[in-house]
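# Summary of structural features
Each chain is listed here by its residues.
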Amino acid sequence: MNLWNTLTGKDITREYEALEARAAALPGEHHTAWQQIKAELSIYSDFTGRNLIPILDSVLELLEQTAADGQDVHEALGDDIPGFCAAITGAEGARNFRDKWRAQLNKNVAKKLNRLGE
């Protein structure tokens, strides 16, 4: 990976555009689900969104496969898309900003408590 592309985010833009090009070929209901999934997963993004690219790629692959098999979106994802997104990000280890801030706060409090106990 080129350092300049990494710093400017051009590599992410390229990968995201490739995902969108693949998603454009999805049938109507699958494409609507893709849009909903992107919106739901955005809360789990880090500053750059780099952590979501592998998750989005996997989800898009699932949608492409279900469309190719002629399955309904609800058969593959269920009726609860926000729950589906929460489950896959938990499985993939993606954390949202609240989780990161909570961990940082807990770490800072633990440091303060250790200093008080000395």
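Preceding this section is the structure that the text describes.
These lines cover the structure that appears in this document, whether it is placed above or below. Bear in mind that the values here come from a model prediction, so they are computed numbers and not experimental data. (Residues numbered from 1 in each chain as written. Predicted model: local features only at pLDDT ≥ 70, side-chain atom pairs only at ≥ 80, totals over all residues. Heavy atoms only, no water.)

## As for the overall build of the protein
A tally of helices and strands in the protein yields seven helices and zero strands. Mapped from its N terminus to its C terminus, the protein presents α and β elements in the order α-α-α-α-α-α-α. The long-range fraction of contacts in the protein, counting pairs at least 24 apart against all pairs at least 6 apart in sequence, stands at 69%. (Helix = DSSP H or I, 4+ residues; strand = E, 2+ residues; numbered from the N terminus. Contact = heavy atoms within 4.5 Å.)

## Section: the side chain of histidine 30
By the element assignment, histidine 30 lies in helix H3 (residues 28-41). Those residues in contact with histidine 30 that sit more than four places away from it in its chain are Leu63, Thr66, Ala67, Gln71 and Val73.

## Some points on the nonpolar core
In terms of nonpolar packing, the biggest core is built from 22 residues, with Trp34, Ile37, Leu41, Val59, Leu63, Leu77 and Phe84 touching the most fellow members. Those elements that provide at least two residues to this core are helix H2 (10-24), H3, helix H4 (53-68), helix H5 (73-77) and helix H6 (81-92). In terms of residue count, the dominant contributor to this core is H4 (six residues). If near-sequence neighbours (up to four positions away) are discounted, leucine 41 is found in contact with Leu52, Ile55, Leu56, Cys85, Ile88 and Thr89. (Core = buried A, V, L, I, M, F, W, Y, C linked by side-chain atoms within 4.5 Å. Buried < 20%, exposed > 50% of the residue type's maximum accessible area, 1.4 Å probe, protein only.)

## Notes on the pattern of salt bridges
This model, assessed by the stated rule, comprises four salt bridges. Salt-bridge contacts for aspartate 11 lead to arginine 50; the nearest nitrogen and oxygen are separated by 2.6 Å. On the criterion of sequence distance, the pair formed by aspartate 11 in helix H2 and arginine 50 in the loop between H3 and H4 is long-range, its members being 39 residues apart. The salt bridge involving lysine 38 is made with glutamate 20; its shortest N-O contact spans 2.7 Å. (Salt bridge = Lys/Arg side-chain N within 4 Å of Asp/Glu carboxyl O.)

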